[in-house]
Amino acid sequence: MGDVAIRVEHLSKKYEIVIGKKRGESGLSERMSQGVQRMLGWGGEGGASSFKREEVWPVRDVSFEVQFGDIVGIIGRNGAGKSTLLKLLSRITEPTSGRAYMHGRVGTLLEVGTGFHPQLTGRDNIYLSGIILGMKKTEIDKKFDEIVDFSGIEKYLDTPVKRYSSGMYVRLAFAVGAHLDPDILIVDEVLAVGDSQFQQKCMNKMHDIGENGRTVIFVSHNMSAVARLCKKAIFLKDGRLIREGLTHEIVGEYLYNSGALTGCREWLDPATAPQDEIVRMCAVRARTGKGIITDAIDLGEAIGVELEYEVLKPGHVLVPNFGFKTDEGVGLFVTNDRDPAWLRRPRPVGRYSSTVWVPGHFFGEGTIVVGGGLIREAPFHEHCDYPEAVAFHTIESHDEITARGDYTGRFSGAIRPLLKWTTNYNSAEGSI
Amino acid sequence: MAHSSPFVVIEPSKGWLDLKFKALWDYRELLYFLAWRDLKARYAQTVMGLAWAVVQPLFMMLVFTIIFNKIARFPSDGIPYPLFIYAALVPWTFFSKSLDRSGFSVVAESNLITKIYFPRLIIPLSATLGGLIDFAIAFLLLIAMMMWFGVLPTWKLVMVPFYLSLTVMASLAVSLWLSALYVKYRDIAAVIPLLIQVWMFASPIVYPISMIPQEWQALYSINPMVGVIGGFRWAILGTPAPDPAMLALNVLTIAVSLIFGMAYFNRMANTFADVI
């Protein structure tokens, strides 16, 4: 342990794109006419200036190290350079500058079914795809039965794969990829294909690969998949490495950077704040148990949501409240302030901060969106309200006791309480 | 465990003349399997299967015999014209098919190129070498025809492997350029069939080399396929041998274009995935 599997030093990739051009592909005639113009001395700034070349750096000056046995997630928005980085590391394309050192056999799975040929039988495709993915023929001979077993398509082994259902095709294709057994595995969005059962199988397999001390580089848009699978993560933005570290920290940074979701919303300009003549909202913040403002929290930990507000007119009973929902819009619960100190008690003018604490082991994995405001309960009146004020990501940590246990697949449900179970046991003799 | 496993450095490539033979050797199984796949896929769901390998040269032989022998009365160095032309069509078909398949091969495999690493040279190489099976079948038919026409082979037959390897090298030399250029310039799609057609009539296939006027012979022989086809016919049928000096020039031309073709291909291959 402690050995470096991958070392990346100042890796950059540059593309030149032509702007101001009607056709997408470069043709010989353009090249020839440019060449002729250059020969005749029309080049440079003059004649052919309708074509302008612009440099694009999908990956720029990226450096990091990956230890043996680490599973590292690469996150970032579309166009952040994730796929390009993967293509550089798997040698599909060459870097413009910089270096990367890969210690060990590298396997790449950028799609399910690389190298499959529709005309050929399942048997032929196991060999073909296996060889293309980098296995030796003797290796495939040895693992052949295992691959067939894993895919469960034994009956159709000698049928051309074009006659397969898409489910069978994906199963066979993944079975080949799963037996690749490289030292370093590079995986991109493979999990996006197939039904949830298949995705679960993929996740379990990737988890196993990690358990066996293999190094895995994993790119996905699915933040909870990254959080679940990877202990470490790398965050890319505009081709640059913004941060690397433990996944739950990086995921938070990512969500903060993406702008849409934030663990803290403050109205610095009173004019823009949600308000009426009685009360004005100042801020909504999500905090960890230690009081740190966060966008990402371990789902085993308690989370506090704080509402800061200013009472402008005295003599009114005000009840702070929050509504919690998932990012898919599924309502989870509503909570009103039940603090006995202020129950049915008119509030004097001043600045207040009320916090509600949701215990650990309550939310499922995902994004929780919180809206809030201040109301009068009876007769009902809404003083002010801000829907989707803050959001935070709940992540499952690896080391803690969770409702999930050792299971690594899809764990459905918006909430995930850690409940008490009891079992009654009667031994066989006793039951007679 | 780190030290027992392979170690790969990823960096921008330097220099022009890195032919990367070691990578080719490491991936020899892939070369074989791609050629095997092409062959299997090509003849899957066909009734005649491998027999198609001889259909094209056979039909060209029939058509050309009617046009150039029966109508135009071309000479054939004293050899029965069908045999004379078929002996040239066997290597020529290999060459033209190779240009056709290998030239388009890299773009045809764009899905692989954007998804996985392997030495890109494997693609046109397997497309060209896969044609050897077709060549072997067509060659068997040539032997049968010789027996039919009562033309006995001589010791010169041992030179067939030499001329065959020249054919393979010439095919590769041209296809490497074409396939790499085609990735960037789709104009090549129109160039390839045209090139094959013109090149065929610029080579001694339907006519003997002796038909070319003396003053044009030197210029004519710059075409490397003149030496290759002429040599083939000499080795099989005993027609006049190719001029040694011109043959040497042909070999040199083929070798140089092959080496530069490989270098150019490898250089372009580094960014195939970006351009394709």
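Values in this document were obtained by computation on a predicted structure and should not be read as measured data.

**A closer look at the overall build of chain B**
Summing up its helical and strand segments, chain B has 12 helices and 1 strand in all. Listing each helix as α and each strand as β along chain B from the N terminus yields β-α-α-α-α-α-α-α-α-α-α-α-α. For 276 residues, the compact-globule estimate of 2.2 N^0.38 gives 19 Å, and the C-alpha radius of gyration of chain B, at 20 Å, lies within 12% of that figure. Each principal axis of the C-alpha atoms in chain B carries an extent, and together these give about 70 × 45 × 40 Å. Residues counted as buried form 42% of the 276 residues belonging to chain B. Looking at chain B alone, contacts between residues at least 24 apart form 81% of all its contacts between residues at least 6 apart.

**Section: the interface of chain B and chain A**
The interface of chain B with chain A comprises 30 residues on the first partner and 43 residues on the second. Elements with a contribution of two residues or more to the side of chain B that touches chain A: strand S1 (7-10), helix H2 (28-43) and helix H12 (272-275) of chain B. The dominant element in the side of chain B that touches chain A, judged by the number of residues it contributes, is H2 of chain B, at 6 residues. Considered class by class, the residues forming the side of chain B that touches chain A number 16 nonpolar, 5 polar and 9 charged. Note: strand S4 (residues 97-103) of chain A against S1 of chain B, 4 bridges, orientation antiparallel. Bridge pairing in S1 of chain B places Ala100 of chain A opposite Ile10 of chain B.

**Concerning the packing of helix H3 (residues 122-133) of chain A against H2 of chain B**
Their axes nearest at 9 Å, the elements H3 of chain A and H2 of chain B cross at an angle of 145°. Of the two possible hands of crossing, H3 of chain A and H2 of chain B adopt the one that is left-handed. Residues Asp124, Tyr127, Leu128, Ile131 and Ile132 of chain A of H3 of chain A form the contact with H2 of chain B, whose participating residues are Glu29, Leu30, Phe33, Arg37 and Lys40 of chain B. The class makeup of the residues in the contact of H3 of chain A with H2 of chain B is 6 nonpolar, no polar and 4 charged.

**Structural notes on unusual backbone geometry**
All names here are of chain A. That bond from Ala378 to Pro379 is cis: its omega, -10°, falls within 30 degrees of zero. Looking at the secondary structure, you find Pro379 in the loop between strand S17 (366-376) and strand S18 (381-395). At Arg91, a position not held by glycine, the phi torsion is positive, near 65°. With respect to the element layout, Arg91 can be found in the loop between helix H2 (82-89) and S4. With 20 C-beta atoms packed within 10 Å, Arg91 lands in the buried category. In this model, Asp181 sits at a positive phi of 55°, which is unusual for a non-glycine residue. The residue Asp181 is located in the loop between helix H5 (166-178) and strand S6 (184-188) in this model.

**Section: the pairing of S18 of chain A**
All names here are of chain A. Note: strand S12 (residues 296-298) against S18, 3 bridges, orientation parallel. Counted as the bridge partner of Asp298 is Ile395 from S18. Pairing between S17 and S18: 10 bridges, direction antiparallel. Among the inter-strand pairings, Ile375 is bridged to a residue of S18, identified as Glu382. The antiparallel pairing of S17 with S18 creates a hairpin that spans 4 residues between the two strands.

**Observations regarding the sheet that holds strand S10 (residues 264-266) of chain A**
All names here are of chain A. Ordered in space as S10-S11-S13-S16, the 4 strands form an open sheet in which the pairing is antiparallel. Of all the strands in the sheet, just S10 and strand S16 (350-358) have a single pairing partner and so form its edges. Direction aside, neighbouring strands of the sheet carry axes that sit 20° apart on average. Where S10 meets strand S11 (residues 279-288), 3 bridges bridge the pair, whose relative direction is antiparallel. Paired with Arg265 across the bridge in S11 is Val284.

**A look at the sheet that holds strand S15 (residues 331-336) of chain A**
Residues and elements named next belong to chain A. Judged by pairing direction, the sheet is mixed, and its 5 strands sit side by side in the order S12-S18-S17-S14-S15 without closing on themselves. Both edges of this open sheet fall to S12 and S15, since each of them pairs with a single strand only. Across this sheet, the average inter-strand angle for adjacent strands is 30°, counted without regard to direction.

**Description of the environment of Val59 of chain A**
All names here are of chain A. Following the sequence through the fold, Val59 ends up in strand S2 (residues 52-67). Considering only alpha carbons, one finds Val59 and Gly291, 232 residues apart in sequence, at a separation of 36 Å. Setting aside chain neighbours within four positions, we find Val59 in contact with Leu11, Ser12, Lys13, Gly81, Thr84, Leu85, Leu88 and Gly239.

**Topic: the nonpolar core**
By size, the foremost hydrophobic cluster in this structure holds 171 residues, and its most contacted members are Phe218 of chain A together with Ile85 and Ala87 of chain B. In this structure, Phe218 of chain A is in contact with Ile71, Val72, Gly73, Val187, Val226, Leu229 and Cys230 of chain A, ignoring residues within four places of it in sequence.

**Focus: helix H4 (residues 81-108) of chain B**
All names here are of chain B. A rise of 1.5 Å per residue sets the reference length of H4, with its 28 residues, at 40 Å; its end C-alpha atoms lie 38 Å apart and thus fit the reference within 8%. Along H4, the helix axis deviates most sharply at Leu89, where the bend reaches about 30°; the proline Pro91 sits within four residues downstream. Counted residue by residue, H4 has 23 buried out of 28 residues, so it is predominantly covered.

**Quick notes on the confidence of the model for chain B**
All names here are of chain B. Overall, the predicted model of chain B reaches an average pLDDT of 89, with 97% of residues at or above 70. Here S1 stands out as the least confident element of chain B, with mean pLDDT 84; helix H7 (residues 160-184) is the most confident, with 95. The ipTM for the predicted assembly is 0.88, set against a pTM of 0.74.

**Details of the packing of helix H4 (residues 137-151) of chain A against H5 of chain A**
All names here are of chain A. Contact geometry for H4 and H5: axes closest at 8 Å, N-to-C directions at 140°. By the angle class used here, H4 and H5 are oblique. The handedness of the crossing between H4 and H5 comes out as right-handed. Along its contact with H4, which presents Ile147, Phe150 and Ser151, the element H5 presents Arg171, Leu172, Ala175, Val176 and Ala178. Within the contact of H4 with H5, the residues separate by chemical class into 6 nonpolar, 1 polar and 1 charged.

**Description of H2 of chain A**
Residue and element names in this part refer to chain A. Burial within H2 is extensive, with 7 of its 8 residues counted as buried. Those residues of H2 lying buried are Lys82, Thr84, Leu85, Leu86, Lys87, Leu88 and Leu89. Backbone geometry just downstream of H2 places Arg91 in the positive-phi region, at approximately 65°.

**Remarks on the environment of Arg163 of chain A**
Residues and elements named next belong to chain A. Along the chain, Arg163 falls in the loop between H4 and H5. Residue Arg163 is classed as exposed on the basis of its 12 C-beta neighbours within 10 Å. Along the chain, Arg163 and Leu312 lie 149 residues apart, while their C-alpha atoms are 72 Å from each other.

**Describing the confidence of the model for chain A**
In regions of low pLDDT, the predicted coordinates are not meant to be interpreted in detail. Residues and elements named next belong to chain A. The predicted model of chain A has a mean per-residue pLDDT of 83, with 85% of residues at 70 or higher. Within the model, the stretch residues 21-25 combines pLDDT values under 50 with 2 contacts to residues more than four positions away or in other chains. Within the model, the stretch residues 43-49 combines pLDDT values under 50 with 7 contacts to residues more than four positions away or in other chains.

**Remarks on the environment of Thr326 of chain A**
Position of Thr326 of chain A among the secondary structure elements: in strand S14 (residues 319-326). For Thr326 of chain A, the contacting residues outside a window of four places in its chain are Leu332, Gly366, Thr367, Ile368 and Ala414 of chain A.

Conventions we followed
Position labels on residues start from 1 in each chain and follow its written sequence. As a convention, the first chain written is A and the first ligand written is 1, with the rest following in written order. Per-residue local features are limited, in this predicted model, to residues with pLDDT of at least 70; the limit for side-chain atom pairs, both in listing and counting, is 80 or more; totals at the level of whole chains, interfaces and linings are taken over all residues. Only DSSP runs of H or I reaching four residues or more are called helices, and only runs of E reaching two or more are called strands; each is numbered from the N terminus. Here the globule rule reads 2.2 Å times residues to the power 0.38, and the radius of gyration is calculated from C-alpha atoms. Exposure criterion: with C-beta atoms placed from backbone coordinates, a residue whose C-beta has 20 or more other C-beta atoms within 10 Å is buried, one with 12 or fewer is exposed, and one in between is partly exposed. Placing a C-beta atom from the backbone of each residue, one calls two residues in contact when those atoms lie within 7 Å. Just so you know the grouping, Ala, Val, Leu, Ile, Met, Phe, Trp, Tyr, Cys and Pro go in nonpolar, Asp, Glu, Lys and Arg go in charged, and all remaining residues, Gly too, go in polar. Only when DSSP finds a minimum of two bridges between them are two strands counted as paired. In this description, a line fitted to the C-alpha atoms serves as the axis of each element, helices being fitted only across the stretch in contact, and the angle between N-to-C directions of two axes falls anywhere from 0 to 180 degrees. In a left-handed crossing the near helix is turned counterclockwise from the far helix by less than a right angle, and in a right-handed crossing that turn is clockwise. Only buried Ala, Val, Leu, Ile, Met, Phe, Trp, Tyr and Cys residues enter a nonpolar core, and they are joined through C-beta atoms within 7 Å. A helix's residues, less one, multiplied by 1.5 Å, set its expected span. Consider a residue and the seven residues that end there alongside the seven that start there; fitting an axis to each set, the bend is the angle between those axes. pLDDT is a per-residue confidence score from the predictor, ranging from 0 to 100. Roughly parallel here means an angle under 35 degrees, roughly antiparallel means over 145, roughly perpendicular means 65 to 115, and every remaining angle is called oblique.

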